[in-house]
Amino acid sequence: MVGFAGKSAVAGCVGFMALLGTPVPSTAVAEQCANPTGTYTAAVPWGQRLIDPVRIWPLSRGTGQLVAVIGTGVDGGNGQFAPGQLLGGQGTQADDCDGRGTIAAGIVGAQPDPSTTFTGIAPGARILPIRYTQVNGGGDPGQLASAIETALNRGAGIILIAVPAASDSPALTDAVSRAREKGALIVSPAAGSQQGQTSYPTATPGVLAVGSTNQAGEAVQTEAGSYVGISAPGAELVSTSAGAGGTVAHRWPVSDPSLAAAHVAGVAALVRAYHPELSPEQVVTRLTLTAHRGPSGGHDPRRGWGAIDAYAAVSASIPAGTPGPGGPPSVGPETFVVPAAASARANADKVSGVLAISGVAAAIAAGVVVAAVRRGKRRGWKPSRFRAS
C-alpha cells in the first residue's frame, strides 16, 4: 500500500535543509516528491462506489462551493482538475511535493475523464489549496490557525483539514470560532494511529470530526472519542497524484485515515450547493442523521454516528428544528426549511431517498428504520457493502 510516513519525513528534511541555507540538489527533491502510480483504469474504486456521486449529480455537482484544502498544497499540474478550478493568489500553493493535498483535492473535486474510472465527488466545486505543513503527523497548530484564517479571508465555505495538527492552541480554537461565525464548515479527520492520540482541530467543538473505515466497514484509525461525528472511506483508495506533469494520473492503493475527511468535504459541497440556506450546524445534522448506523444504532467512538450516505444527505427532507442524533436541535441563524425549489430540482428518484422525520426522539428512530428498509429493498435484502464479503 502507498503510505506517506517515509516520503513526508524526507520532504520535511529537505525543507529543513533549505531553511538552514544548505544547498539541496534539485535531483534529490524530484526523487523524493510524490510520483504517479499510473492512470487508473480498473473497476470503479470502492470509496467512489460507496459515495456514488454520479447518482447525485442530477441534483448537485457542488457548483458555487469553494472548498479550502489545508495541508501540503495541491499540484495544479494534474490534468483531472479543470482549468481555473484550483484558485491561486494570496496564501495558495500550486505544487505539492508530499502529495497528500493533491490526493485529498482529487477526492473532493476531480473532473470526470474518459481515460479513467476515477472521479471526484463534487466536480462543480472550486478548490483553494493552502499549504501549512509537509511534516508527517501534522504541523504547528498556530500555522494551521493562520491557514484557516486565510481560507476564511478568501471566502471558503467548506474548509477541509487534509493534515490535522497533533496538538491544540488558543489560536487554533479561535480560528474555529471565527469559521463558525462566518458560516464556514470545518471538516477534519480523526487521524491518530496510536493509542491516546488526538487530532486538532478535529476534537475542537464546532468541527465535523471524521473517522476512517475500510471496505468491511471497520475503523482504520486508532483515535477515538465522543467528538467523532461520521465515518467515510480511508483505506485502499484511488485519487489524483502530484507530479503528473499535465497528464491525468493517479496513486493507488492509498491508505491514510486523513482521507476520510476529503470524502465528507466533497459530500458537504454537494449538500450546500443543493441546500444553500443551511448553516454549518444544519449540514452536520443532515450528514449525521442520514448516515448508515452501526449494529448498535448508537454512537461509535471511532466511526461516529455511522457511515456517510451521500444520496440521502442531499435528497432527504428534514423538517425545521430536527435534532441531530444524540444532541439538541442543530439550527443555525436561519429557519431550517427545505425550499420549494428543491423539490422542483429533484427527479422522481429522489422520493426513494427521502426520510420523513417528525417529532424529535421518535423521529430519529423512525427515520433510521425507514431508510434501512428502503435500502434493503433496493439491495434485494443483500448484505450492505459495509460487510466483509
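Residues numbered from 1 in each chain as written. Predicted model: local features only at pLDDT ≥ 70, side-chain atom pairs only at ≥ 80, totals over all residues. Heavy atoms only, no water.

As recorded by an unreviewed UniProt entry, the chain carries the name S8 family serine peptidase and is attributed to Amycolatopsis coloradensis.

As for the pattern of salt bridges
If you walk through the whole model with that rule in mind, you get five salt bridges. Among the ionic pairs, E281 bridges to R180, the shortest N-O distance being 3.5 Å. With a gap of 101 residues between them, E281 in helix α9 (residues 280-289) and R180 in helix α7 (residues 170-181) connect regions that are remote in the sequence. Residue classification places E281 among the partly exposed positions, given a relative accessible area of 25%. (Salt bridge = Lys/Arg side-chain N within 4 Å of Asp/Glu carboxyl O. Helix = DSSP H or I, 4+ residues; strand = E, 2+ residues; numbered from the N terminus. Buried < 20%, exposed > 50% of the residue type's maximum accessible area, 1.4 Å probe, protein only.)

Some words on the state of the cysteines
Using the criterion set out here, one finds one disulfide in the structure. Sulfur-sulfur distance for the disulfide between C33 and C97 comes to 2.1 Å. Since a negative S-S torsion denotes a left-handed disulfide, the C33-C97 link at about -100 degrees is left-handed. Here C33 is found in the loop between α2 (26-32) and α3 (46-51), whereas its partner C97 is found in the loop between β1 (66-71) and α5 (100-109), with 64 residues between them in sequence. Using a relative accessible area of 16% as the deciding quantity, one classes C97 as buried. (Disulfide = S-S within 2.5 Å.)

Comments concerning α9
With respect to burial, α9 is a largely interior element, eight of its ten residues being buried. Listed as buried for α9 are P280, Q282, V283, T285, R286, L287, T288 and L289.

Let's talk about the nonpolar core
The biggest cluster of nonpolar side chains holds 76 residues, and the ones touching the most others in it are I70, I148, I159, L160, V264, V267 and L287. Counting residues per element, this core draws most heavily on helix α8 (residues 259-274), which supplies twelve residues. (Core = buried A, V, L, I, M, F, W, Y, C linked by side-chain atoms within 4.5 Å.)

Details of the sheet that holds strand β5 (residues 208-213)
Strands sit in the order β2-β1-β3-β4-β5-β6 across an open sheet of six strands; the sheet is parallel. Edge positions in the sheet fall to β2 (126-131) and β6 (228-233), since each of these pairs with one other strand and no more. Looking at each pair of strands side by side, their axes are set apart by 25 degrees on average, direction ignored. Here β1 pairs with β2 via six bridges, running parallel. Looking at the pairing, A68 lines up with L128 of β2. Sheet strands in contact with α5 are β1, β2 and β3 (158-161), and its direction is about 160 degrees off that of β1. (Pairing = 2+ DSSP bridges. Axes fitted to C-alpha atoms, helices over the stretch in contact; angles between N-to-C directions. Contact = heavy atoms within 4.5 Å.)

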